[in-house]
Amino acid sequence: MKNTCTDINAFMSGLRKRNPGQREFHDAVQEVASDIIPFLADHKEFQGECLLERLTEPDRVISFRVSWVDDEGNVRADRAWRVQFCNAIGPYKGGMRFHPTVTESVLKFLGFEQIFKNSLTGLPMGGAKGGSNFNPKGKSDGEVMRFCQSLMIELHRYIGPDTDVPAGDIGVGAREVGYLFGKYRRLSNTFTGVLTGKGLNFGGSIGRKEATGHGVVYFMREMLATRGDGIEGKTAVVSGSGNVALYCIEKLIQLGAKPVTASDSSGFIYDPNGIDEEKLAFLKDLKEVRRGRIEEYAEKYGCTFSVGRPWAAKAHLAFPCATQNEITEDDAKTLIANGLMALAEGANMPCEPGAQHLLRQSVLYAPGKASNAGGVAVSGLEQSQNAMRINWSLEEVDQRLQIIMSDIHGKCSKYGKHANGGIDYVRGANIGGFTKVASALQECGVV
Ligand code: NDP
Ligand code: 2IT
């Protein structure tokens, strides 16, 4: 492979040719390469070893069939993958996603982003992602369990506490992690920290469930502090109503903000009075326990439910916490026209490239690899606790999470500072994440 790293167009055209049709992966690489290639031009010490070429080629992509039997006795077959992207700074680490939109391209984009995110946390974790096009929606617990068990029959060959440590993501929460862990434990006859996001009864870390959502608000607090401002009194538009969104809303309430929206794949609710603690408890029960639709919130609290996404709501702060490409360029224009001050991504790559371009120039804008890193960071803390066979308290975990989010903000500021004093968080996160992994690759030789 020739070192083409001086010319973004040549680099991207080679990448597109090698990975045809993988739009999400192309977009994720384009964003990173646009910052790294100019950085390489100014940093001779990182030139000449094909570092970016090596980092954009996964170590391996494992693809397999998952056969299982549904409640009616029908045999079903789904596809699953584990993308082990880079283990230069630690064992592979990243979530599993179960959703009908999962493809190899989606998992390669997520695994690639995870390399930089995990590096930013300062913890020893490489980048990986996995998942399946299996749709857990409407499936019984028994069906989900049989699917997870069948998936693990194949996946267990490739993972381990020092090799690759999966966790949750869209469609994979405590229930799924439990079933996956239980099968791994039986197959391997070991009890190890091989998955994170585990239940508290079998090795999970207190605070992991809340970590991504709380972390994204901690990151927002750091960004606002650079302007001498804070969270209190701000109106916030939030998308999603899953793991990340619920605990983002929770921390916003705790810090005195007013979250006014939440959504799922059927639409969004707009509650101009704000989601308060009592309403959040209802939402948690609706989504985490009953697995119901968001429309029920509107019926109970007499506010509006609409099809579509919540970006027309007037707000100071925005937190996309559902999925990729959920904010278009037009949505970004609407948010900015409505007086948006700052946006922190809870989801991975929720802003389309055009939207990101606009937001990056107009408001305080944090990319997911920086602002949603709290989840994987506490996963890293779960691994440490498992290895030491101890459990930290909630205060200890939360304290560490706050320090890690503040350190990530510091790295973004260091590498993303403009001459005018402003901070380009995207460039800061890309370069801050890259330098550690690139140095590790250099120091370990060409392998
Ligand atoms: P969940 O499955 O818990 O929740 C996902 C939420 O987003 C649900 O409300 C879901 O609605 C909605 N959603 C999912 N796909 C779509 C879609 N295509 N269109 C509209 N709405 C959709 O997932 P998480 O909260 O864990 O993940 C949300 C995002 O955060 C993802 O981008 C994930 O990669 C990212 N993330 C997650 C971390 C974690 O620790 N869990 C860590 C860092 C990032 P419905 O229920 O109707 O499907
Ligand atoms: O995107 C992510 O960082 C996650 N889904 C969490 C990964 C993890 O290993 O906790």
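Here the structure is shown first, and the text comes after it.
Residues numbered from 1 in each chain as written. Chains lettered and ligands numbered in written order. Predicted model: local features only at pLDDT ≥ 70, side-chain atom pairs only at ≥ 80, totals over all residues. Heavy atoms only, no water.

**Focus: the site of ligand 1**
Next up, step 1: Close to ligand 1 lie 25 residues, the nearest being Asp169, Thr212, Ser265, Arg293 and Asn348.
Next up, step 2: Elements with a minimum of two residues in the shell around ligand 1: α7 (208-225), α8 (243-254) and β8 (261-264).
Next up, step 3: Its residues assigned to classes, the shell around ligand 1 shows five nonpolar, 13 polar and seven charged. (Near = heavy atom within 4 Å. Helix = DSSP H or I, 4+ residues; strand = E, 2+ residues; numbered from the N terminus. Nonpolar A, V, L, I, M, F, W, Y, C, P; charged D, E, K, R; others polar.)

**A few points about the pattern of salt bridges**
Next up, step 1: By the definition in use, this model includes 24 salt bridges.
Next up, step 2: Ionic pairing is found between Asp35 and Arg360, a salt bridge with its closest N-O pair at 3.1 Å. Of the two residues, Asp35 is situated in helix α2 (residues 23-42) and Arg360 in helix α12 (residues 353-362); the sequence distance between them amounts to 325 residues.
Next up, step 3: Arg400 serves as the salt-bridge partner of Glu396, at 3.0 Å between the closest nitrogen and oxygen. With a gap of four residues between them, Glu396 and Arg400 both fall in helix α15 (residues 394-416), about one helical turn apart.
Next up, step 4: Overall, Arg400 belongs to the partly exposed group, its relative accessible area being 33%.
Next up, step 5: Connected through salt bridges with shared partners, the residues Glu31, Glu113 and Lys369 form a single ionic network. (Salt bridge = Lys/Arg side-chain N within 4 Å of Asp/Glu carboxyl O. Buried < 20%, exposed > 50% of the residue type's maximum accessible area, 1.4 Å probe, protein only.)

**Notes on the nonpolar core**
Next up, step 1: Grouped together as the largest cluster of nonpolar side chains are 57 residues, with contacts concentrated most on Phe219, Met220, Met223, Leu252, Leu283, Phe319 and Ile408.
Next up, step 2: In this view, Met220 contacts Ile231, Leu317, Ala318, Phe319, Ala342, Leu343 and Ala344; residues no more than four positions away in its chain are not counted. (Core = buried A, V, L, I, M, F, W, Y, C linked by side-chain atoms within 4.5 Å. Contact = heavy atoms within 4.5 Å.)

**Topic: the packing of α2 against helix α4 (residues 104-120)**
Next up, step 1: As a packed pair, α2 and α4 sit with axes 6 Å apart at the nearest point and diverge in direction by 25°. The pairing of α2 with α4 is recorded here as roughly parallel in orientation. Between α2 and α4, the contacting residues are Arg23, Glu24, Phe25, Ala28, Val29 and Val32 on the first element and Ser105, Val106, Lys108, Phe109, Phe112, Glu113 and Phe116 on the second.
Next up, step 2: The residue makeup of the contact of α2 with α4, split by class, is eight nonpolar, one polar and four charged. (Axes fitted to C-alpha atoms, helices over the stretch in contact; angles between N-to-C directions. Parallel < 35°, antiparallel > 145°, perpendicular 65-115°, else oblique.)

**Considering the environment of Cys412**
Next up, step 1: In this fold, Cys412 is placed in helix α15.
Next up, step 2: On the basis of relative accessible area, Cys412 is assigned to the buried category, the value being 0%.
Next up, step 3: In the structure, Cys412 is positioned 12 residues away from Asp424 in sequence and 7.6 Å away in space, judged by C-alpha atoms.
Next up, step 4: Not counting residues up to four positions away in its chain, the partners in contact with Cys412 are Phe219, Ala370, Lys417, Ile423, Asp424, Tyr425, Gly428 and Ala429.

**Describing α7**
Since the α-helix turns once every 3.6 residues, residues separated by three or four places project in the same direction.
Next up, step 1: For α7, which comprises 18 residues, the first-to-last C-alpha distance of 25 Å matches the rise-based estimate of 26 Å (1.5 Å per residue) to within 8%.
Next up, step 2: The buried fraction of α7 is high, at 14 of 18 residues. (Expected span 1.5 Å × (residues − 1).)

**Observations concerning the site of ligand 2**
Next up, step 1: Inspection of the region around ligand 2 gives 14 residues, with Lys93, Gln114, Lys117, Asp169 and Ser379 positioned closest.
Next up, step 2: Between a nitrogen atom of ligand 2 and a side-chain N or O atom of Asp169, the distance comes to 2.9 Å.
Next up, step 3: The contact in question runs from an oxygen atom of ligand 2 to an N or O atom on the side chain of Asn348, over 3.1 Å.
Next up, step 4: Within the complex, 94% of the 300 Å² of free accessible area of ligand 2 lies under protein.
Next up, step 5: Those elements that place two or more of their residues in the shell around ligand 2 are β3 (92-98), α4 and α14 (374-388).
Next up, step 6: Within the shell around ligand 2, the residues separate by chemical class into two nonpolar, seven polar and five charged. (Polar contact = N/O pair within 3.5 Å; in protein donor to acceptor, adjacent residues only side chain to side chain. Areas by Shrake-Rupley, 256 points an atom, 1.4 Å probe, with all protein chains shown as cover.)

**Side note on the side chain of Thr196**
Next up, step 1: Among the secondary structure elements, Thr196 is positioned in the loop between α6 (174-188) and α7.
Next up, step 2: Side chain to side chain, Thr196 and Ser379 meet in a polar contact 2.8 Å long.
Next up, step 3: Apart from the residues within four sequence positions on either side, Thr196 is in contact with Lys93, Val165, Pro166, Ala167, Gly168, Val177, Ser379, Glu382 and Gln383.

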